[in-house]
Amino acid sequence: MWFKNLYLYKLQQDFEWTAEDLHEKLALRPFAPCVQEQRESVGWVSPLGRDSQVMAHAANGYILVSLAHQERMLPSSVIREALEVRLAEIEACDGRKVSGREKKDLKEAIEFELLPKAFTRTRQIDAWLDPQGRWLILNTASATQAERLTHYLRASIDSLPLKAPETEMTPVCLMTQWLRDGVLPAPFELGEECELRSQGDDQSVAVFKKHELRSDEVQSNLDNGKWVSKLMLVWDKKISFMLTDNLLIKRLKFLDVMGEQLDEHDPQSYAEKKDIEFTLMTGEVTRLLQDLLHCLNPQQTEDVDRENNPASPPIANEYFVEEKEMAESENESANPENEDEK
C-alpha cells in the first residue's frame, strides 16, 4: 500500500461524494479480464485486495480507489514478421505483388489470429482523494497512467475538474536555492542524489548519485549556470523522495520509523494491514505536502504569518524576488521606449 510515487492534482471544486456513494458508482464499472479478441481492458477493483468487494475505502477523511488495466502483449515486430511470411507466400504462389489495401487487411487478420495467444499484463493504479485538502494523488510517475485513471474516474462520476498545483516559485528555483545555499527549512534535509541541467542550447546534464551534494564538484556545476532538475530530499526523518522540476514526487520511500508504527498496530488480516498503512501514509504525506507547498509559496506563507502576527516584518525570499526582477528586466528589454518615458 505504500505509494512509490506521487502524481499530484488539485480538485477545482468541493468533492462531495462519500465513500459509499463513490463505491456505488465505481461498482458499475468493475474490471474484467480481456476476452480472447480484446486488446485491453480497464475497470475498478477493490483497493483492499481480491477478497474485498469495497471499491472505495475511507479512512481518516481520505478515500482510496484502485483502477486495473490489462493489455495483451503483442509486439508490432511479431505481427510484422508474420506479415512478411504471408506476403512472401502470396508472391511465390500467385506471382504478384500485394497491394497496399490487401496488405492492411492481412495485417489486421494476423493480429486477430495472434491476439488470443498473446500473454496479458495487468497493472493496478492506486489513488486517494483528499476532499478537505482538495487533492487527488496517484501512485504513478507516468502521465499516461495518470490520464487513464483521471479519465475513467471522470467518466464514472460524470465530472471531475482537475488541474496541476500552482506555485509562486518553480520547483527548479527552490531546489537550486536549497542546493546552492545548503540551508533547508526544517524538517527537510538534503539526500545524496541530484540532477543538474544547463539552460542553454547544449542542454548538458550532470547526475550525482550517492554523493555529498555540498561538494565542490556539485557547487562548480551550479556556478557554471546549471539548475537543479531533480533533488533527493528527506522529510522529518520519515520519508525520502526525489523531487522533480514538474513537481512530481518519485521514488517515495517510507523509512524504518513508519514500519515500526505499523508493527505497533499488529494487523490481523490483509485488509486490516492495508487500512493501517493507508492511514499512516496519508497522514504523513499530507504533512509533507503542506511543508513543501509552504516553501513553494513563500508570499502566501508570509501573508498568513503576517495575519497571525501583524508585528512581524515581511521576510523577502531572494530567489522569489530574483525571479520577479528577471521577468521585469526582460519586459524592459523588450520595450526600450519605457526608458525614454522615465
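Residues numbered from 1 in each chain as written. Predicted model: local features only at pLDDT ≥ 70, side-chain atom pairs only at ≥ 80, totals over all residues. Heavy atoms only, no water.

**Some points on the packing of helix H5 (residues 171-181) against helix H6 (residues 216-223)**
Here is step 1: Two elements in contact, H5 and H6, have axes separated by 10 Å at closest approach and are oriented at 135 degrees. Classed by the angle they form, the pair H5 and H6 counts as oblique. H5 and H6 meet at a crossing whose hand is left-handed. Every residue of H6 that contacts H5 at Thr176, Leu179 and Arg180 is listed here: Val218, Gln219, Leu222 and Asp223. (Axes fitted to C-alpha atoms, helices over the stretch in contact; angles between N-to-C directions. Helix = DSSP H or I, 4+ residues; strand = E, 2+ residues; numbered from the N terminus. Parallel < 35°, antiparallel > 145°, perpendicular 65-115°, else oblique. Left-handed = near helix turned anticlockwise from the far one by under 90°. Contact = heavy atoms within 4.5 Å.)

**Regarding the nonpolar core**
Here is step 1: Ranked by internal contacts, the top residues of the largest apolar core, which has 45 residues, are Trp128 and Phe241.
Here is step 2: The contacts of tryptophan 128, once residues within four sequence positions are left out, are Phe3, Leu6, Tyr62, Ile63, Leu64, Trp135, Leu136, Ile137, Phe278, Met281, Thr282 and Val285.
Here is step 3: With 23 residues, the next largest nonpolar core counts Leu11, Leu138, Leu149 and Tyr152 among its residues. (Core = buried A, V, L, I, M, F, W, Y, C linked by side-chain atoms within 4.5 Å. Buried < 20%, exposed > 50% of the residue type's maximum accessible area, 1.4 Å probe, protein only.)

**Let's talk about the packing of aromatic side chains**
Here is step 1: Taken as a whole, this structure holds seven aromatic pairs when the rule is applied.
Here is step 2: When the centroid spacing of 4.9 Å and the interplanar angle of 35 degrees are considered together, the rings of tryptophan 2 and phenylalanine 254 count as tilted. Placement of tryptophan 2 in the segment before strand S1 (7-11) and of phenylalanine 254 in strand S12 (residues 249-254) is noted, with a sequence separation of 252 residues between them.
Here is step 3: Of the residues examined, tryptophan 2 reaches a relative accessible area of 25% and is grouped as partly exposed.
Here is step 4: On the basis of relative accessibility, which here comes to 13%, the residue phenylalanine 254 falls in the buried class.
Here is step 5: Arranged with centres 5.1 Å apart and planes meeting at 50 degrees, the rings of phenylalanine 3 and tryptophan 128 form a pair that is tilted. (Phe/Tyr/Trp six-rings, centres within 6.5 Å; stacked < 30°, edge-to-face > 60°.)

**A few points about a negative patch on the surface**
Here is step 1: Negative charge collects at one region of the surface, where Asp256, Glu260, Asp263, Glu264, Asp266 and Glu272 lie side by side.
Here is step 2: In terms of residue count, helix H7 (residues 256-265) provides more of the negative patch than any other element does, four residues in total.
Here is step 3: Note that aspartate 263 resides in helix H7.
Here is step 4: For aspartate 263, a relative accessible area of 60% corresponds to the exposed category. (Patch = residues over 30% accessible without salt bridge, like charges linked within 9 Å, V, L, I, M, F, W, Y side chains within 5 Å. Areas by Shrake-Rupley, 256 points an atom, 1.4 Å probe, with all protein chains shown as cover. Salt bridge = Lys/Arg side-chain N within 4 Å of Asp/Glu carboxyl O. Lys, Arg positive; Asp, Glu negative; His and termini not counted. Charge placed at Lys NZ, Arg CZ, Asp CG, Glu CD.)

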